[in-house]
Amino acid sequence: MYTQGLDQKEQSSDKRDALESAADLEAFQKRIDAEQKIEAKDWMPAAYRRTLVRQISQHAHSEIIGMQPEGNWLTRAPTLKRKAILLAKVQDEAGHGLYLYGAGETLGTSRDEMIADLLSGKAKYSSIFNYPTLTWADMGAIGWLVDGAAIMNQIPLCRCSYGPYARAMVRICKEESFHQRQGFDIMRELCRGTDEQKAMAQDALNRWWWPSIMMFGPSDKDSKHSAQSMAWKIKRFSNDELRQKFIDVTVPQADFLGLRVPDDDLAFDDETGHYRFGAIDWSELNDVIAGNGPCNKQRIAKRRKAHDDGAWVREAAIAYGEKHATKAAA
Amino acid sequence: MTHKEWPLYEVFIRSKAGLSHRHAGSIHAADDQMALDAARDTYTRRSEGISLWVVRSSEIVASDPAETSAFFEPAEDKIYRHPTFYEIPDGVENL
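Residues numbered from 1 in each chain as written. Chains lettered and ligands numbered in written order. Predicted model: local features only at pLDDT ≥ 70, side-chain atom pairs only at ≥ 80, totals over all residues. Heavy atoms only, no water.

**Examining the sheet that holds strand E2 (residues 22–28) of chain B**
Remark on secondary structure: sheet strands pair via backbone hydrogen bonds, oriented parallel or antiparallel. Residue and element names in this part refer to chain B. Cut-off, in case you're wondering: Any two strands with at least two DSSP-identified bridges between them are counted as paired. Helix and strand labels come from DSSP, where a helix needs a run of H or I of at least four residues and a strand needs a run of E of at least two; each type is numbered from the N terminus. Between N-to-C directions, angles span 0 to 180 degrees; the directions come from axes that are lines fitted to C-alpha atoms, helices contributing only their stretch in contact.
Reading across from one edge, E2-E1-E3 is the order of the 3 strands in this open sheet, with antiparallel pairing throughout. In this open sheet, the two strands that pair with only one neighbour each are E2 and strand E3 (51–56). The mean inter-strand angle of the sheet, taken between neighbouring strand axes irrespective of direction, is 30 degrees. Sheet topology places strand E1 (residues 8–14) next to E2; 6 bridges connect them, and they run antiparallel. Bridge pairing in E2 places Val-11 opposite Gly-25.

Listed below in structure tokens is the structure:
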């Protein structure tokens with residue numbers, strides 16, 4: 001997981017932008033156009049740096065918050081095998097968060113600053129995690145749909161112009177495939193089970209379909225900052241292109257499962273070779289982003305508590321490290 | 001208590017015997033041993049390596065990207081260091 005509309009909410013430019021010469025900016029754009037990777041210590045426009053810090057940190061936050069909805073079912077997994085798999089998946093999400101914080105830090109913003117912005121509510125995370133996980137089938141739907149949508153978003157990021165981010169994404173994408181398949185496997189098992197189990201799978205699809213579709217962010221005509229991110233080759237495909245691609249590959253999978261995608265307008269268009277789909281309720285996405293989703297408050301409260309409860313561990317580790325450093329020096 | 005951030009370490013992995021260690025990413029940890037443990041948990045969950053190095057990021061001395069051309073320029077005009085610089089006459093083999 002987990003990006004979503006991460007190119008949104010560009011902050012206003014700071015004073016340093018004004019000091020950048022046209023020649024520097026032009027030379028930078030030439031490097032980008034030549035598909036050269038930008039590395040941490042290379043010169044870069046302040047706005048490029050800002051955009052990346054925002055995108056990478058919000059991506060990292062999404063991985064960390066994303067552990068909660070699935071963590072909810074760890075102790076209630078139906079079998080030991082499923083529990084071990086889900087545990088490994090949630091651990092991967094923590095790992096992805098760490099890769100990404102590491103990539104973000106190369107831009108000169110500390111881990112603690114990024115985390116402080118998450119806890120204060122200043123930084124966003126993917127709105128998909130503000131939905132509750134009501135049944136075991138939600139573990140299937142999240143892996144299949146949410147991680148599936150994330151893969152669509154993340155594969156192009158492996159070619160992002162910023163080297164440390166691109167390399168972190170290569171690592172993440174390799175692991176993501178397991179996440180999606182374990183989710184599909186849960187759905188498949190339920191769909192081959194009793195009527196009640198199949199109904200549970202259908203209910204999960206009903207609730208997760210539209211939020212997953214919205215993970216690709218606002219439609220292109222409303223996506224203000226896409227053009228700049230595209231020019232900088234941070235972003236390679238538009239939100240709508242990726243959304244269409246996701247729908248095209250996922251609908252046949254739902255057909256295989258014998259589940260119905262909850263969209264009355266969904267139809268295959270022979271002419272274009274793509275699925276046409278119904279209107280997206282953007283007011284819902286905006287509402288969830290604004291903080292009014294079913295679980296926004298709970299997610300942040302839980303993260304704050306975990307952070308506070310872990311404070312003594314962080315302090316003890318520092319004290320231990322310092323004590324041993326002193327001993328070694330003596 | 002004054003707030004202290006855990007120091008940053010760079011992580012290098014040897015994927016199998018015979019290959020060199022390669023930079024994988026970074027990790028925060030309060031001391032060297034914890035850095036090794038955290039690097040193992042973060043970067044080798046799928047048997048990616050058989051050996052790990054961690055080194056404090058602050059200990060790495062790096063060349064300056066802004067000086068790249070001047071710094072590496074002395075190597076550029078010494079083309080005679082490459083074997084392809086030399087002409088091999090027809091009829092001479094195994095050279």
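**Observations concerning a nonpolar patch on the surface**
This is how the line gets drawn: Nonpolar side chains (Val, Leu, Ile, Met, Phe, Trp, Tyr) within 5 Å and like charges within 9 Å form the patches, drawn only from residues with over 30% relative accessible area and no salt bridge. Each accessible area is a Shrake-Rupley estimate made with a 1.4 Å probe; only the visible protein chains count as cover when residues are assessed. Salt bridges are identified by distance alone: a Lys or Arg side-chain nitrogen within 4 Å of an Asp or Glu carboxyl oxygen.
On the surface, a nonpolar cluster with roughly 440 Å² of combined accessible area is contributed by B:Ile79, B:Tyr80, B:Phe85 and B:Tyr86. Relative to the helices and strands, B:Tyr80 resides in the segment after helix H2 (68–72).

**Points about helix H2 (residues 46–65) of chain A**
Note the cut-off: Expected helix span is given by 1.5 Å per residue-to-residue step, counting one fewer step than there are residues. Only protein chains enter the accessibility calculation, which uses a 1.4 Å probe. A residue is then buried if its area is under 20% of the maximum for its type, exposed if over 50%, and partly exposed in between.
Taking 1.5 Å per residue, 20 residues should reach 28 Å; H2(A) reaches 28 Å between its end C-alpha atoms and fits that length. Burial runs high along H2(A): 19 of the 20 residues are buried.

**Observations regarding the packing of helix H4 (residues 80–105) of chain A against helix H7 (residues 163–191) of chain A**
Relative placement of two packed helices is described by the angle separating their axes and the distance separating the axes. All names here are of chain A. Counted only if it meets this: Orientation is classified from the angle alone, with under 35 degrees giving roughly parallel, over 145 giving roughly antiparallel, 65 to 115 giving roughly perpendicular, and any other angle giving oblique. A clockwise turn of the near helix away from the far one marks a right-handed crossing, whereas an anticlockwise turn of less than a right angle marks a left-handed crossing. Residue classes follow a fixed rule: Ala, Val, Leu, Ile, Met, Phe, Trp, Tyr, Cys and Pro count as nonpolar, while Asp, Glu, Lys and Arg count as charged, and any other residue, Gly among them, counts as polar.
Taken N-terminus to C-terminus, the directions of H4 and H7 make an angle of 160 degrees; their axes are 10 Å apart at the nearest point. If you check the angle between H4 and H7, you find them roughly antiparallel. In this structure, the crossing between H4 and H7 has a hand that is left-handed. Class assignment for the residues of the contact of H4 with H7 results in 12 nonpolar, 3 polar and 9 charged.

**A look at the packing of helix H12 (residues 296–309) of chain A against helix H13 (residues 311–329) of chain A**
Residues and elements named next belong to chain A. Put simply, the rule is: Only heavy atoms enter the contact rule, under which two residues are in contact if any of them lie within 4.5 Å.
Running from amino to carboxyl end, H12 crosses H13 at an angle of 35 degrees, the nearest separation of the two axes being 4 Å. Each of His-307, Asp-308 and Asp-309 in H12 lies in contact with H13, whose residues at this interface are Ala-311, Trp-312 and Arg-314. In terms of residue class, the contact of H12 with H13 is built from 2 nonpolar, 1 polar and 3 charged.

**Regarding the side chain of B:Ser26**
Assignment of secondary structure puts B:Ser26 in strand E2. Judged by its relative accessible area of 7%, B:Ser26 falls in the buried class. Setting aside residues no more than four positions away along its own chain, B:Ser26 makes contact with A:Gly102, B:Leu8, B:Tyr9, B:Glu10, B:Val11 and B:Tyr43.

**Some thoughts on unusual backbone geometry**
Residue and element names in this part refer to chain A. For Glu-35, which is not glycine, the phi dihedral falls at a positive 60 degrees. Positionally, Glu-35 belongs in the loop between helix H1 (22–33) and H2. Unusually for a residue other than glycine, Lys-233 sits at a positive phi of about 55 degrees. Mapped onto the elements of the fold, Lys-233 is located in the loop between helix H9 (226–231) and helix H10 (239–257).

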